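Read off the chains here:
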Amino acid sequence: MQPLPIAIGADHGGVDLKRQLVAALQAAGHQVSDVGTDGTESVDYPDFARPVADAVISGAARFGVLVCGSGIGMAIAANRNPGIRAAVLHNATEARLTRAHNDANIACLGGRTTGVEVAIDSLLTFLSTPYEGGRHDRRIAKIEKATP
Ligand code: RB5
């Protein structure tokens, strides 16, 4: 697939998986912008969700990737930003469906819940699956209208 600009961030619960996802993304030819964190010191996941969401909203990144212990806190934080549709991925099926139906633009993964091979498969599927449009446009428009 064509190389994409991708922003990625993690907290201490996701930093190990983030390292492996960065390597996989680079091996696939993508341009990765890593906002941290880079170590295992305890940090707050909203501080990393925000710059990744900003990169996607501005167009600096086509997609975002956020990793925390479960992926859930990152998704909650990212989804507070209008225009962001962040989905927690546990497998490639969820990755395919959330791109095809929800036009998700940030993939969230759990460093404590998802093994590295499943995480990489899920993420690469997310990046390569097109949005289907059609009836889904109406539903996404309703979400965007409801966002304050
Ligand atoms: C950090 O301990 C943990 O709460 C965080 O990584 C994440 O799982 C929150 O949703």
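Placed above this text is the structure.
Per chain, residues are indexed from 1 in the order of the written sequence. Confidence filtering applies because this is a predicted model: local features only for residues at pLDDT of at least 70, side-chain atom pairs given and counted only at 80 or more, and all residues used for totals across whole chains, interfaces and linings. Note that the side-chain values use all heavy atoms of the structure and ignore hydrogens as well as water.

**Q** Account for helix H5 (residues 116-128), with residues named and values stated.
**A** Put simply, DSSP H or I for four residues or longer makes a helix, DSSP E for two residues or longer makes a strand, and each gets a number counted from the N terminus. The span expected for a helix works out to 1.5 Å for each residue beyond the first. When the terminal C-alpha atoms of H5 are compared, their 18 Å separation across 13 residues agrees well with the 18 Å that a helix rising 1.5 Å per residue should span. For H5, the full list of buried residues reads Ala119, Ser122, Leu123, Phe126 and Leu127. Around the axis of H5, the buried residues are gathered within 130° of arc, so they sit on the same side. For this analysis, residues touch if any pair of their heavy atoms sits within 4.5 Å. Where H5 is buried, its residues touch strand S1 (5-10), helix H1 (15-27), strand S3 (63-68), helix H4 (92-102) and strand S5 (106-110). Here the term buried applies to any residue with accessible area under 20% of the maximum for its type, exposed to any over 50%, and partly exposed to those in between, with areas from a 1.4 Å probe on protein chains only. Directions from the helix axis toward the C-beta atoms define the arc.

**Q** Got a sec to walk through the nonpolar core? Specific residues and values, please.
**A** Ranked by size, the top nonpolar core spans 21 residues in total, and within it Leu21, Val65, Leu89, Leu109, Leu123, Phe126 and Leu127 carry the most contacts. Listing elements by their share of this core, those giving two or more residues are S1, H1, S3, S5 and H5. Filtering out sequence-adjacent residues up to four positions away, leucine 89 remains in contact with Glu94, Ala95, Thr98, Ala107, Cys108, Leu109, Thr114, Ser122 and Phe126. Throughout this description, the term nonpolar core refers to a set of buried Ala, Val, Leu, Ile, Met, Phe, Trp, Tyr and Cys residues connected via side-chain atoms within 4.5 Å. Counting residues in each nonpolar core, the second largest holds 18 residues, with Ala7, Met74, Ala75 and Ala86 among its members.

**Q** Can you tell me about the pairing of S5, naming the residues and giving the values?
**A** Of all 5 residues in S5, 5 are buried; the element is thus mostly enclosed. Neither face of S5 is open: one carries Ile106, Cys108 and Gly110, the other Ala107 and Leu109, and all of them are buried. Here 5 bridges tie S3 to S5, and the two strands are oriented parallel to one another. Bridged to glycine 64 within S5 is isoleucine 106. Strands were regarded as paired on the criterion that DSSP finds at least two bridges between them. Examined bridge by bridge, strand S4 (residues 86-88) and S5 share 3 bridges and lie parallel to one another. Each residue of the ladder has a partner; that of alanine 86, found in S5, is isoleucine 106. For the handedness criterion, the strands are oriented away from the viewer, and a crossover whose path from the first strand over the helix to the second runs clockwise is classed as right-handed. Since S4 and S5 lie parallel, the crossover through H4 that links them has a hand, and here it is right-handed.

**Q** Just give me the short version of the state of the cysteines, but keep the residues and values in it.
**A** Structurally, a disulfide amounts to a covalent bond that connects the sulfur atoms of two cysteines. In what follows, a disulfide is any cysteine sulfur pair within 2.5 Å. One pass over the structure, following the stated rule, counts 0 disulfides. Here cysteine 68 is not cross-linked by a disulfide; its sulfur's nearest cysteine counterpart is in cysteine 108, at 7.3 Å. Since its relative accessible area comes to 3%, cysteine 68 is described here as buried. Residue cysteine 108 is classed as buried on the basis of its relative accessible area of 0%.

**Q** Got a sec to walk through the sheet that holds S1? Specific residues and values, please.
**A** Strand order across the open sheet formed by 5 strands is S2-S1-S3-S5-S4, with parallel pairing between neighbours. Whereas interior strands pair on both sides, the edge strands pair on one side only; in this sheet they are strand S2 (31-34) and S4. Put simply, the sheet's adjacent strands are angled 25° from each other on average, direction ignored. Working convention: axes come from line fits to C-alpha atoms, limited for helices to the stretch in contact. Angles between N-to-C directions cover 0 to 180 degrees. H1 rests against S1, S2, S3 and S5 of the sheet, and its axis sits at about 165° to S1.

**Q** Can you lay out the site of the ligand for me, pointing to particular residues and giving the numbers?
**A** Neighbouring the ligand are the residues Asp11, His12, Tyr45, Cys68, Gly69, Ser70, Gly73 and Arg112. Class assignment of the residues belonging to the shell around the ligand gives a composition of 2 nonpolar, 4 polar and 2 charged. Nearness is defined per residue: one heavy atom within 4 Å of the molecule or strand is enough. Side-chain classes follow a simple rule in which Ala, Val, Leu, Ile, Met, Phe, Trp, Tyr, Cys and Pro form the nonpolar group, Asp, Glu, Lys and Arg form the charged group, and the remainder, Gly included, forms the polar group.

Honestly, that's just the spatial picture; any functional story needs more than this.
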